[in-house]
Amino acid sequence: MTAVNASPRLASRLVNGVLAVKPLASLAKHQARTMMIKRAESIGVYWREEVKALRSRCQPNTQLAPNAELSPDWEADLARIQNPALEYPEYYLRPFHAYDEGNLGWEAAMEVEVAAHAVHARIWLDAGAQGDAMLRQSYHDVLKAQLSTEPRDILDLGCSVGMSTFALQQVFPQAKLTGLDLSPYFLAIAHYRTPHPTSPTWLHAPAESTGLPDCSFDLISACLLFHELPRTVAVQIFREARRLLRPGGHLAIMDMNPKSDVHAKMPPYVLTLLKSTEPYLDDYFTFNMEGAIASAGFTPPTVTCNSPRHRTLVAQVC
Ligand SMILES: C[S@@+](CC[C@H](N)C(=O)[O-])C[C@H]1O[C@@H](n2cnc3c(N)ncnc32)[C@H](O)[C@@H]1O
């Protein structure tokens, strides 16, 4: 394992220069997006078909016009799931993942699943469209090995469209799950995908201030959340998790591994491009997360590499 080499080189300075000029940045984003969609479709992630089907709420393979209308049912679901009193924190109102509206729009929401399948296809050689499922499985294997009893109540922080929540529900079928996210667009999709009326349930709230009662969960999981946060917010979330967990409860975090050789060996200009879509990545890469978790009232977390570029941290309430 090697630390990330953040030294600016000529190529990354060039990329930064291009990204600073708005029309060039838009062109670069468009090119990158077209390439990503083509690559996804070549490995069996049928990006355009799946997004079209989700937008119109039809089964994939239904004959639809290329620009199928957004079904009006989405707006109705959004109104039902969103907390109108919620004030979005400033750090969240940034472009993420090359979407100008960040996580607060339909385009990002409709593309979460296909994008996750495309990005995670590269983790293991030949994983292809199964890469995402393999990543989640590798996390759950580490997690299960560290829990002596099955959790009854589980909170999934930053649940997005529910991929991490549904995967946890399969591992712990008896548990009552709550998925929490700041994007009501993502939660509307999670709600649409929910097969069971009572679990998971969905909550539109910030992870650092959930409004949920003290000591109400046995396990709090956060999958791929923390690289999207400034460290000041991460610290608030650890304190909130400590408040929400019952005695003996566990906090489990799976995310990018800052010490992975994959990041260290990434060509600097690729890393620069990645950082342009992830505004808090530098802060995350240099954050002593283990220390901050212990300071919030947990045992020092175990740290396990669960993929060539991801790690799992598990800590227990002290
Ligand atoms: C990369 S996604 C991870 C999604 C999901 N857990 C998974 O494994 O596929 C990160 C999610 O965290 C959410 N998020 C970011 N900051 C948050 C916060 N302070 N409170 C709640 N959710 C947040 C985003 O809206 C986004 O859905």
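Keep in mind that this is a model prediction, so the values were computed, not measured.

Rules used throughout
Residues numbered from 1 in each chain as written. Predicted model: local features only at pLDDT ≥ 70, side-chain atom pairs only at ≥ 80, totals over all residues. Heavy atoms only, no water. 1 Å grid on protein atoms, 1.4 Å probe; cavity = no way out; pocket = protein on both sides within 12 Å on 5 of 7 lines; lining within 4 Å. Points joined across faces, edges and corners; volume = space filled by probe spheres on them. Helix = DSSP H or I, 4+ residues; strand = E, 2+ residues; numbered from the N terminus. Nonpolar A, V, L, I, M, F, W, Y, C, P; charged D, E, K, R; others polar. Polar contact = N/O pair within 3.5 Å; in protein donor to acceptor, adjacent residues only side chain to side chain. Contact = heavy atoms within 4.5 Å. Pairing = 2+ DSSP bridges. Axes fitted to C-alpha atoms, helices over the stretch in contact; angles between N-to-C directions. Near = heavy atom within 4 Å. Areas by Shrake-Rupley, 256 points an atom, 1.4 Å probe, with all protein chains shown as cover. Phe/Tyr/Trp six-rings, centres within 6.5 Å; stacked < 30°, edge-to-face > 60°. Lys NZ or Arg CZ within 6 Å of the ring centre and 35° of its normal. Buried < 20%, exposed > 50% of the residue type's maximum accessible area, 1.4 Å probe, protein only. Right-handed = clockwise from strand over helix to strand, strands pointing away. Salt bridge = Lys/Arg side-chain N within 4 Å of Asp/Glu carboxyl O.

A.B. asks: Could you clarify how one ought to interpret the layout of surface pockets in this entry?
C.D. replies: Rolled over the atoms, a probe with the dimensions of a water molecule shows which regions are left empty. Estimates place the volume of the second largest pocket at around 390 Å³. Looking at the lining of the second largest pocket, the elements that each hand over two or more residues are helix H5 (106–120), helix H6 (131–146) and helix H7 (163–171). Among the elements that make up the lining of the second largest pocket, the one with the highest residue count is H6 (six residues). Looking at side-chain class alone, the lining of the second largest pocket contains seven nonpolar, six polar and five charged residues.

A.B. asks: I'm lost on the side chain of Arg246 in this one. Help?
C.D. replies: Of note, Arg246 is situated in strand E5 (residues 245–256). Only 3.0 Å separates the side chain of Arg246 from the side chain of Asp153, close enough to count as a polar contact. With sequence-adjacent residues up to four places away left out, Arg246 is seen in contact with Arg152, Asp153, Cys215, Ser216, Phe217, Asp218 and Val317.

A.B. asks: What is the right way to look at the sheet that holds strand E4 (residues 217–223) in this model?
C.D. replies: Strands belonging to one sheet form pairs held by backbone hydrogen bonds; the direction of such a pair is parallel or antiparallel. Overall, mixed pairing links the seven strands, which are arranged E3-E2-E1-E4-E5-E7-E6 in an open sheet. With partners counted over all chains shown, the strands left at the sheet margins are strand E3 (201–204) and strand E6 (302–307), one partner each. Going across the sheet, the axis of each strand differs from the next one's by a mean of 20°, ignoring polarity. Sheet analysis places E6 next to strand E7 (residues 310–316), joined by five bridges and oriented antiparallel. Across the sheet, residue Thr304 finds its bridge partner in E7, namely Thr312. Sheet strands in contact with H6 are E4, E5, E6 and E7, and its direction is about 150° off that of E6. The sheet strands contacting helix H9 (residues 231–244) are strand E1 (153–157), E4 and E5, and the helix crosses E5 at an angle near 145°.

A.B. asks: Help me out: how do you make sense of the site of the ligand in this one?
C.D. replies: Around the ligand, a shell composed of 21 residues is seen, among which Tyr91, Tyr92, Gly158, Asp181 and Cys223 lie nearest. Within the contact set of the ligand, an oxygen atom lies 2.7 Å away from a side-chain nitrogen or oxygen of Asp181. A distance of 3.0 Å is found between a nitrogen atom of the ligand and a side-chain nitrogen or oxygen belonging to Glu208. Alone, the ligand offers 600 Å² of accessible surface; in the complex the protein occludes 94% of this. A breakdown of the residues in the shell around the ligand according to their chemical character gives 13 nonpolar, four polar and four charged.

A.B. asks: How do you make sense of the packing of aromatic side chains when you look at a structure like this?
C.D. replies: The description of an aromatic ring pair rests on the distance of the ring centres and on the angle between the ring planes. Taken as a whole, this structure holds seven aromatic pairs when the rule is applied. Between Phe166 and Trp202 the ring centres are 5.6 Å apart and the planes differ by 75°, which places this aromatic pair in the edge-to-face class. Highlighted residues: Phe166 in helix H7 and Trp202 in strand E3, separated in sequence by 36 residues. Through a chain of ring-to-ring contacts, the aromatic side chains of Trp74, Trp106, Tyr185 and Tyr192 assemble into a single cluster. Positioned above the aromatic ring of Trp74, the side-chain terminus of Arg57 is 4.3 Å from the ring centre.

A.B. asks: Looking at this structure, how should I read the pairing of E4?
C.D. replies: In summary, the side chains of a regular strand alternate between the two faces of the sheet. The buried fraction of E4 amounts to seven of the seven residues, a majority that puts the element mostly inside the structure. Here E1 runs beside E4; their pairing, made up of four bridges, is parallel. In the sheet register, Leu157 faces E4, and the bridge partner there is Ala222. Between E4 and its parallel partner E5, the chain crosses via H9, and the hand of that crossover is right-handed.

A.B. asks: How should the pattern of salt bridges be read in this particular structure?
C.D. replies: Side-chain pairs of opposite charge can arise whenever the charged atoms involved come near each other. Counted by the stated rule, this structure contains eleven salt bridges. Across the salt bridge formed by Glu41 and Arg48, the nearest N and O atoms sit 2.4 Å from each other. Looking at Arg48, the relative accessible area reads 51%, which means it is exposed. The shortest N-O distance in the salt bridge between Asp214 and Arg243 comes to 2.5 Å. You can see Asp214 sitting in the loop between E3 and E4 and its partner Arg243 sitting in helix H9, a full 29 residues away along the chain.

A.B. asks: Could you clarify how one ought to interpret the environment of Trp202 in this entry?
C.D. replies: Note on Trp202: relative accessible area 14%, which makes it buried. Sequence separation of Trp202 and Pro258 is 56 residues, and the distance between their C-alpha atoms is 30 Å. Apart from the residues lying within four places of it in its own chain, the contact partners of Trp202 are Ile81, Cys159, Gly162, Thr165, Phe166, Gly179, Leu187, Ala190, His191 and Thr194. Here Thr194 takes part through its side chain, which lies 2.9 Å from a polar atom of the side chain of Trp202.

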